[in-house]
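Coordinate analysis (summary)
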Amino acid sequence: MGEVDPAFIQDPEHRPKLSITEAEGVPLIDLAPLNAPDSFSDPKAIEGLVREIGNACKDWGFFQVINHGVPLHKREKIETAARKFFAQPLEEKRKIRRDEKCVVGYYDTEHTKNVRDWNEVFDFLVEEPTLVPASPEPEDKEETQWFNKWPENPPELREVSEDYSQEVEKLSLKLMGLIALSLGLPEDRFKSYFKDQTSFIRLNHYPPCPSPQLALGVGRHKDGGALTVLAQDEVGGLEVKRKTDGEWIRVKPTPNAYIINVGDIIQVWSNDKYESVEHRVMVNSEKERLSVPFFFNPAHYTQVKPLEELTNKQNPAKYRPYSWGKFLTHRKLSNFKKLKAENLQIYHFRVSE
């Protein structure tokens, strides 16, 4: 039995249960109707799809999609390149370690809720350069640019990553269209927010852990952006907090499916009709695990607030507007220095009843 450094050990109430509740519940949605030659040729099928997506967002905040249109070979290529990258010696990987100036790259000391995660990551931006505020300070109007750091090896990582990101971006826009329709909005309602997106992709590697009952690959958290599109390998480990009873439910890997979850921004845009749900990642004592989430995020100058079409006298806005760019830079900087306050959360912008 190997020893686990205390920095990784979760408080008893957050430790994973090794007996697993497998999710029958997380809905599996077939996107085939979208991929018909004239995608809106069968309004009945699209209507059914919109209803399924709406129910999944309302009841779970999570769903899986199949027949999603992302070519399998592109997903396999990025996964293979990621495995090659993580198999290198630590000093090689640390050459592209992220820092305050460059918030993307390699990192192996990620903390969630002040407990270290049992994983190593490599992040890259989808738009290069990505335009963001220079600081989280509200008065500071200056902008800056973030650029990617690519490793020397494997040399193909950059190209396969850029190819892959185009495909998951297309899928994300399709899903945002379905989510808009499910809220009774025009299909393209969200499109303009993503023109200068701040999206990024993370390659996650979880080595085997000698004490999987004490540590977590990623501690419990919600995603701060709009939508997350996750590829997980056959090992699995993602757990979702079920809304009905607060139980942690394991999401069983479905071959070539994507796991989609609603982020905090959709929760605010929908004025709490759809909720961003807590999730976490379990580790495994025998097997390593790889996952590739795509975090679909709007332009930094987006003022995130409940949409006017979804609020009225009976259902007033539950959030004050906040700047997505300031929120993002606050979160990214808190990785490097302990900022005065705890990590920003959307509940800080809640309107008191």
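Residues numbered from 1 in each chain as written. Predicted model: local features only at pLDDT ≥ 70, side-chain atom pairs only at ≥ 80, totals over all residues. Heavy atoms only, no water.

A few words on the overall build of the chain. A tally of helices and strands in the chain yields 6 helices and 18 strands. A compact globule built from 353 residues would reach a C-alpha radius of gyration of about 20 Å, and the chain, at 20 Å, matches this within 12%. Considered along the principal axes of its C-alpha atoms, the chain spans approximately 55 × 45 × 45 Å. Look at the contacts in the chain between residues 6 or more apart in sequence, and 78% of them connect residues 24 or more apart. (Helix = DSSP H or I, 4+ residues; strand = E, 2+ residues; numbered from the N terminus. Rg over C-alpha atoms; globule rule 2.2 N^0.38 Å. Contact = heavy atoms within 4.5 Å.)

An order of β1-β2-β14-β11-β16-β9-β6-β3 is seen for the 8 strands of this open sheet, with the pairing classed as mixed. Each edge of the sheet is formed by a strand with only one pairing partner; in this case those strands are β1 (28-30) and β3 (105-107). Pairs of neighbouring strands in the sheet enclose a mean axial angle of 25°, with direction left out of account. (Pairing = 2+ DSSP bridges. Axes fitted to C-alpha atoms, helices over the stretch in contact; angles between N-to-C directions.)

Turning our eyes to something else, we now look at the UniProt feature "domain: Fe2OG dioxygenase" (unreviewed entry) in the chain. Using the residue numbers shown here, the UniProt feature "domain: Fe2OG dioxygenase" (unreviewed entry) corresponds to residues 197-298. Helix makes up 6% of residues 197-298 and strand 39%, whereas the separation of the span's terminal C-alpha atoms amounts to 5 Å. (UniProt positions renumbered as here; feature names shortened; annotations may be inferred.)

Between helix α2 (residues 72-86) and helix α4 (residues 157-182), the least distance of the axes is 9 Å, while the angle of their chain directions is 140°. With respect to α4, the element α2 is oriented oblique. Here α2 runs over α4; the crossing is left-handed. Each of Lys74, Arg75, Lys77, Ile78, Ala81 and Ala82 in α2 lies in contact with α4, whose residues at this interface are Leu157, Val160, Ser161, Asp163, Tyr164 and Glu167. Taken together, the residues of the contact of α2 with α4 sort by class into 6 nonpolar, 1 polar and 5 charged. (Parallel < 35°, antiparallel > 145°, perpendicular 65-115°, else oblique. Left-handed = near helix turned anticlockwise from the far one by under 90°. Nonpolar A, V, L, I, M, F, W, Y, C, P; charged D, E, K, R; others polar.)

Time to look at the nonpolar core. Judged by nonpolar contacts, the single largest core of 75 residues is most densely connected at Leu175, Phe190, Tyr258 and Trp269. Core analysis: the next-biggest nonpolar cluster, separate from the first, contains 18 residues, Phe8, Trp60, Leu230 and Ile259 among them. (Core = buried A, V, L, I, M, F, W, Y, C linked by side-chain atoms within 4.5 Å. Buried < 20%, exposed > 50% of the residue type's maximum accessible area, 1.4 Å probe, protein only.)

Within strand β16 (residues 289-296), 8 of the 8 residues are buried, which leaves it mostly tucked inside the rest of the structure. Residues Arg289, Ser291, Pro293 and Phe295 point to one face of β16 and Leu290, Val292, Phe294 and Phe296 to the other, with burial holding for every one of them. Bridge count for strand β9 (residues 200-206) against β16 is 5 bridges, and the pairing is antiparallel. Note that in β16 the partner of Asn204 across the bridge is Ser291.

Below, the discussion takes up the sheet that holds strand β13 (residues 248-250). Spatially, the 4 strands line up as an open sheet ordered β10-β15-β12-β13, and their pairing is antiparallel. Looking at which strands have only one partner, the edges of the open sheet turn out to be β10 (218-221) and β13. For this sheet, the mean inter-axis angle between neighbouring strands, taken without regard to orientation, is 20°.

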